[in-house]
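What follows is the residue order along each chain.
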Amino acid sequence: MATKILPFYQKKHKHYGYDYRSLDSRSLVKKYSSKSSSTKRSSSALATSSGIIHSAKFSPCAKRVCHCFDEVPEYTVPAFRNREGEVEHVKPKARTFLYGTKLWKMEAEIERLRRSAHERTDMLALRRMEEERTSVQRHVREDSICRAPEFLVRLRSHTVWEKSFVKLFCTVQGFPTPLVRWYKDDVYIDQTSDPVKYRMDSYYGVHSLAINRCSINDTAQYTALAFNIHGEATTSATVIVKRFRGEEEPYHSVLLPLNLPLLSPPIFTHIDIQYSEKFGVSFGTEGETMILSCRMILTPNLSRLQPEAVWYRDDVEIKKSKWAAMFYNDCTAILTLPHLNKDDEGLYTLRLITRGGISQHSAYVFVRDADALVVGAPGAPMDVTFYDANKDYVILTWKPPNVTKESPVIGYFVDRCEAGTDNWIQCNDAPVKICKYPVTGLFEGRSYIFRVRAVNKSGISRPSRATDAVTALDPADLARLQTFYFDESRHIVVSQDDVEGDIKPPGIPTNVHAAETSKNYVVLSWDPPEPRGRDPLKYYIEKTMAGSTSWQRVNQEIAARSPRFAIFDLVEGKSYEFRVYAVNKFGLSQPSESTGPVVVNERIEIPSPPSDVRAARNTKHSVVVHWMASKTASELIGYYVDSCLLGTNDWQPCNHRPVKYTRFVVHGLMNGRKYIFRVKTANALGVSEMSQESEPIIVQAALTAPSSPYGITLLDCTNDSMTLGWKKPRFTGGSNITGYYMDHREVTDLHWHESNVKQITGRVYKIENLKEGSFYEFKVSALNLGGIGIPSDSSRAFKCEAWTMSEPGPTYDLTFCEIRNTSLVILWKAPIFIGSSPVTGYTVDICETNSEEWRTVTEKPVSARYLKVTKLEEGKSYIFRVHAVNAAGQGRPSEPSEPVLIQARPGTKEISAGVDAEGNIYLNFECQELTDVSQFAWGKAYEDITDSSKVHIETEGEKSKLIFKHPDMSDLGTYSVAVSDTDGISSSYALEKEELERLMALSHEIRHPTIPLKNELSYEVFDRGQVRFWVQAESVSPNATCKFIVNDMELADSKDHKITFDKSTGMIEMVMEQFTSKNEGTYTVQIEDGRAKNQSSLVFIGEAFKAALAEAEFQRKEFLRKQGPHFAEYLHWHVTEDCEVELKCKVANTKKETVFGWYKDFVTVVPEEPPNPQTGDSKLRIPEFSKKDMGEYKMTLKDDKGQDITVLEVAGKVYEEIVQEISKISGLSASELRIKCTPEGIRLQSFLKYYMEDMKVFWYHKESKIASSEKMRIGGSSEQVWMQICEPTDREKGKYTMEIFDGKTSYKRHLDLSGEAYAEAYTEFQRLKAAAFAEKNRGKVLGGLPDVVTIMEDKTLSLTSTIFGDPSPVVTWLKNDKDLELNDHHIATVEQGKYASLTIKGVTTEDSGKYGINVRNKYGGETIDVTVSVYKHGEDIPVIRMGVQPPPVHPTPPPAEASKPAAPPKSSKIGRRK
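Please read all numbers here as calculations on a predicted model, not as lab measurements.

### Examining the overall build of the protein
A tally of regular secondary structure across the protein gives 11 helices and 100 strands. Per-residue burial for the protein yields a buried fraction of 43% across its 1474 residues. Of the contacts formed within the protein by residues at least 6 apart in sequence, a portion of 65% connects residues at least 24 apart.

Here it is, written out as structure tokens:
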């Protein structure tokens, strides 16, 4: 295989496609075709037999070749069959004058030799044709593999004269056949729109664009876009159209930059320009002045023929204005930007126009935001422009600022100012959320300038750069002016309004439509009525909800003066209809037609973020960032790029003005540092979310292609596929490997075939669609951002047959590191084919170079995928291989490694551990053999470190540090480092527990060289309202110093701030005489004593400050209060041991004239005891405290020195605390529970000092809480608490507990109501119950009889009473304690069993006496007496004794014969009971 010729496409070190073979074949065929044509012209005298031979040999071949190229014919094979026809029709010339002479023989010999030469030529052509046919057939077969378009011949730029013809060509190939579209300045060229101007042709892969009669407008960049289903490709060229200027010499052809505006008339001279000084990438801040200058050397330097210097920003010519000043003199071009704004950011280009063309220099200018007026406020908007200006209306647009650390922008304020004044007026009350706003309310004929400010939650930004002045005029008014010229000096201007005259009333506005829609407003536009008339028109607008007929006028107060109007205060998402009225002095027009439904919604939406952000190296301080455009970005404004040092999360804006292209060069980066980038999209609605972060990139110079991979290994195999792995290149070319390309071929084939179309991202690849049993070779090329590297050497031949063994397949990717004089570390990857069971371990074999004896290094399989091999001989070379092991046994070995020389590199250094000056624990490694693209790769346990939260890596020059952020025991392990693009420089370090503890102790000592403090900064308030701040250090030297800093301002010792530092005790204090609300803030004491430092801070804001301020104010007032009579102790309560509540206070500085006053709810209260003048004690007793004693208690002092007052509100929490204290004393004094029986049941009771309803008293039965009910009644009196068990049963037996709770402590008393105690109580209850029952049901007189009755003779006396008894009692009447004999004179009756009556008819004096009624049944009875006094006619009525009340009136009807008693006496009592 060593003798095989390397194809040309591999010699170029570029990943190739089969199009190269097609190109080579086509050139060969063209060469053959030209030779064949010359042969055909020179062989007219050949014999017919030769023509027949040619026809028989070549014609079939030509047909087959043409048939193969039916799809995309790239060339034409010569039609050899025509040669036969030519031979048949051409007759040989006559040579009569040479026959028979030597000349004839010589001519014949020459003819024979010519014929022989032609035959040899034809045979050579036949051989080449056969080879070409074979090549073409192979090419056609290979063409079935799909590929993306590729330009073989790219477009070329042209410079042509005006009205001339130009044609652009390009050649493209791909499969399927690509389609080609043409673009002019990125705008698609539609041939049908102007078929005369453009002509597009396509012929066998050659595409052309013809432009007829070129004009200046045809100067542009033309792009051909080729695409098929597999991708697309573009090629561009510039066409410059020049205008011939009469007798002047035309321009020489020159390739002008893209998108240049028309240049001003140039100065025609040939001048060679060389720059001696050039402006570079510049950085400025808003408000600063920047000067860009270029110094050049002109050859020849003619004062009268100097080049014209023109400045551009982003390919737009910069005009002289107050924002820019240009100067050119003495070979120096200067551009001055006197007041930078972000509007000035961009690519600045100086173009010097000469006869020889244009010499230019460009550099980017970055303009940072000025410091915000409010911390956290956003940057200012930029590029504020206006359009659609009218009489009272203009629309503004602007670009949003780039926000990285600040909070997002929530809206914008628009300001206007009349030109020539400084009076800025805010146009919108609420921030507008989009970058567009219609400004209304302008005055016709006045000029205005505008600016915009951004708003976020922190504040308002600085204003943007003001716009140019715009005059509020209707552009349509100018179109209505007509100028009539009488001669060169006289003309007259006539308005069409005057011609039309008066219109009474005006016509109807037309074409009413919504010109702008937003979720905040709708801008209506319409055409004025025609004819408009002489008188000025105004307009009124009406709106209605879609589908409704209720119209509402929008501008009721102020009419619109222009045919534009912005309508606000609409509901987002609703549909409205609008119509317009025109009005002049003659009246109001009819309404216009409705606009139809207009939805109040945003036409655009927040754009989606860009994607696929990639960064590529550019220079030592810049990086090129690429990204894919946003998929949804309507009305795109541009993109913002942010950068961040890896691991810092400190994002910085790269551009402060959005760019519209998807590629940006980020400048100002630090060389050797690692950055990440992100991009966001901006449109009128705002800024999109952040894109995904790019991969980290180190800022270094441009990249190179990587070296070739090596160690190709077969990892798995089936009947039609193979899985291969390989090792990464030793040299990466300065950037990460992004992919690989693989080629394969059968051993019997000389040509390589592509194995993959898309790049392979890993180092394992499965190739399918192979032939079973065939042998294949492979080679791999690596790809990075610098390009495709050199392919690897061909692998050994692998046979395509399925693996069926139980053992695992081979390991792969054997790499070596830490090669020393007696040891090395070997690493490998797990096998792809694992066999019948999982892999359980690995064994490592070693063999000396030039030996075939392998020995195993490991005594038993190791589980890790790395091994440190020791006890090797220095200077010897070894080969290694690794086996995977599973349950079935040892698997296939890996491919033997390359020989490894066991010898440490001179100057090899190891990783060292230490602690830096800041106390950071680090691992350090130094490499002196770095290349420009080398990188340090740190790992733990030989795996890449991906968790950046634990460690931070810093690389500077030849040194790299791995710094532990928060070291702890989880950081123990083996750390390794390898340096790429070197010859295997690496090292490792085992960080053990003892070493880590030592480093952590040293770190603590370094990080904390502090002065120890006895206490942190504290404060106290003095009795006069002074505030003392103090802190004390344990010990300081006499050289120690201190600073008191309040709100970032250092305070000096003064009258208001007395600062002392006692260095003997370490006490630092500051006394503030006047402590006010202005003293809120952060107080810090900084102490320095040599190298040692410390500080202590006190955040004195919010509630803490308010409390201190209130205390200081209180102490100040207290001091003033105590100058007169005052309360030394304010009013408070106290509960005595007898549960009496005392309200107590103590007075001071009183005298005899001092007046004391006690009040409850503003009512004067007189205490039992006056204040004690000696002790100052004063109290107010409240016996038997209860809810009625709640209220506001107040005591006052007053004399000629002043007055004071103390108030105690006995309610709420104070009342609860008093009750709890009473509960405590009563709970302690409560007696044990006792049993008392009643007719209702058994009562358990306890005696205590005092009981009130609000005390928390609980009863429990067998640990269950008892609630008051009909069965269990709970109550109490002033000195006892009780619980009544009504109608007790056996269920009520058990242990009872009474608990008094004072809020903290429970006081419990217990009683066991069971056994004998329950039996005795129950017997007594039954006895009392029976007695009560008898008492209840015995015979009784409920009422009705008086004590004394006075009656006149001959009257009828009726004594009636109400009786009760169950069963019904027996009634007996008595007189003078003897039974009364009943007769016609004395009649006794009992009615309804309830009313008993005694009637005495015709009373006489004999009837006077004591009467009684006895009521009795089996349970007992009673007797009620009544005294009857009878007086005669004419006698005075006896005086009734005091207290006697007349008998009550009863509903019982009197007897029929009874007469009404005379003058019944009044009585207050019922009859006396015996």
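That was the structure; now back to the text.
### Re the sheet that holds strand 7 (residues 206-211)
Pairing within the open sheet is antiparallel, and its 4 strands lie in the order 1-3-7-6. Pairing within the sheet leaves two strands with one partner each, and these edge strands are strand 1 (147-153) and strand 6 (198-203). Strand-to-strand twist across the sheet, computed as the mean angle between neighbouring axes with direction ignored, equals 25°. Taken together, the 6 bridges between strand 3 (residues 166-175) and strand 7 define a ladder with antiparallel strand orientation.

### Quick word on a nonpolar patch on the surface
A surface patch of nonpolar side chains, amounting to about 300 Å² of accessible area, comprises L103, M106 and I110. Looking at where I110 falls in the secondary structure, it is placed in helix 5 (residues 102-142).

### Looking at the sheet that holds strand 81 (residues 1191-1199)
Judged by pairing direction, the sheet is antiparallel, and its 4 strands sit side by side in the order 79-78-81-82 without closing on themselves. One side of each edge strand has no neighbouring strand; the edge strands of this open sheet are strand 79 (1163-1165) and strand 82 (1202-1210). Across this sheet, the average inter-strand angle for adjacent strands is 30°, counted without regard to direction. Summarising the sheet, strand 78 (residues 1155-1160) and strand 81 pair through 6 bridges and their orientation is antiparallel. Looking across to strand 81, one finds that W1158 is bridged to M1195.

### Some words on the pairing of strand 41 (residues 674-683)
Burial of strand 41 is extensive: 9 of the 10 residues sit out of reach of the surface. Here 9 bridges tie strand 38 (residues 636-645) to strand 41, and the two strands are oriented antiparallel to one another. Across the sheet, residue Y640 finds its bridge partner in strand 41, namely K680. Examined bridge by bridge, strand 41 and strand 43 (residues 697-698) share 2 bridges and lie antiparallel to one another. Within the sheet, the bridge partner assigned to Y675 lies in strand 43 and is I697. Counting the residues that bridge the hairpin from strand 41 to strand 42 (residues 686-687) gives 2 residues.

### Here we look at the nonpolar core
Ranked by size, the top nonpolar core spans 50 residues in total, and within it L1143, F1185, I1222 and W1259 carry the most contacts. The biggest single contributor to this core is helix 10 (residues 1213-1229), with 6 residues. Contacts of L1143, omitting those with residues within four sequence positions, involve L1131, H1132, W1133, W1158, S1178, K1179, L1180, I1182, Y1193 and L1208. Counting residues in hydrophobic clusters, the runner-up holds 26 residues, among them L396, W398, V452 and V470.

### Quick notes on the packing of aromatic side chains
The geometry of an aromatic ring pair comes down to the distance between the two centres and the angle between the two planes. This model, assessed by the stated rule, comprises 36 aromatic pairs. Seen in terms of ring centroids, Y364 and F664 are 5.4 Å apart; in terms of plane orientation they differ by 90°. Their pairing is edge-to-face. Remark: F664 occurs in strand 40 (residues 663-666) and Y364 occurs in strand 18 (residues 357-368); sequence separation between them is 300 residues. Taking relative accessible area as the criterion, Y364 reaches 9% and is therefore assigned buried. The structure contains a cluster of three or more aromatic residues connected by ring pairs, namely Y1019, F1029, F1075, Y1083, F1100 and F1105. Between the NZ or CZ atom of R351 and the centre of the ring of Y312, over which it lies, the distance is 4.3 Å. When the ring centre of Y540 is taken as origin, the NZ or CZ atom of R553, which lies over that ring, is 4.6 Å away.

### Re the environment of G445
In this fold, G445 is placed in the loop between strand 23 (436-440) and strand 24 (447-455). G445 sits 27 residues away from A472 along the chain, and the two C-alpha atoms are 5.2 Å apart. If near-sequence neighbours (up to four positions away) are discounted, G445 is found in contact with T471, A472 and L473.

### Describing unusual backbone geometry
Following D1366, the chain continues into P1367 via a peptide bond in cis, with omega recorded as 10°. Turning to its location among the elements, P1367 is positioned in the loop between strand 93 (1357-1364) and strand 94 (1370-1375). The phi torsion at D388 lies on the positive side, around 55°, for a residue other than glycine. Counting through the fold element by element, D388 comes out in the loop between strand 19 (382-387) and strand 20 (393-399). Even without glycine at this site, K1262 takes up a positive phi of about 55°. Looking at the secondary structure, you find K1262 in the loop between strand 85 (1256-1261) and strand 86 (1264-1266).

Thresholds applied
Residues numbered from 1 in each chain as written. Predicted model: local features only at pLDDT ≥ 70, side-chain atom pairs only at ≥ 80, totals over all residues. Heavy atoms only, no water. Helix = DSSP H or I, 4+ residues; strand = E, 2+ residues; numbered from the N terminus. Buried < 20%, exposed > 50% of the residue type's maximum accessible area, 1.4 Å probe, protein only. Contact = heavy atoms within 4.5 Å. Pairing = 2+ DSSP bridges. Axes fitted to C-alpha atoms, helices over the stretch in contact; angles between N-to-C directions. Patch = residues over 30% accessible without salt bridge, like charges linked within 9 Å, V, L, I, M, F, W, Y side chains within 5 Å. Areas by Shrake-Rupley, 256 points an atom, 1.4 Å probe, with all protein chains shown as cover. Salt bridge = Lys/Arg side-chain N within 4 Å of Asp/Glu carboxyl O. Core = buried A, V, L, I, M, F, W, Y, C linked by side-chain atoms within 4.5 Å. Phe/Tyr/Trp six-rings, centres within 6.5 Å; stacked < 30°, edge-to-face > 60°. Lys NZ or Arg CZ within 6 Å of the ring centre and 35° of its normal.

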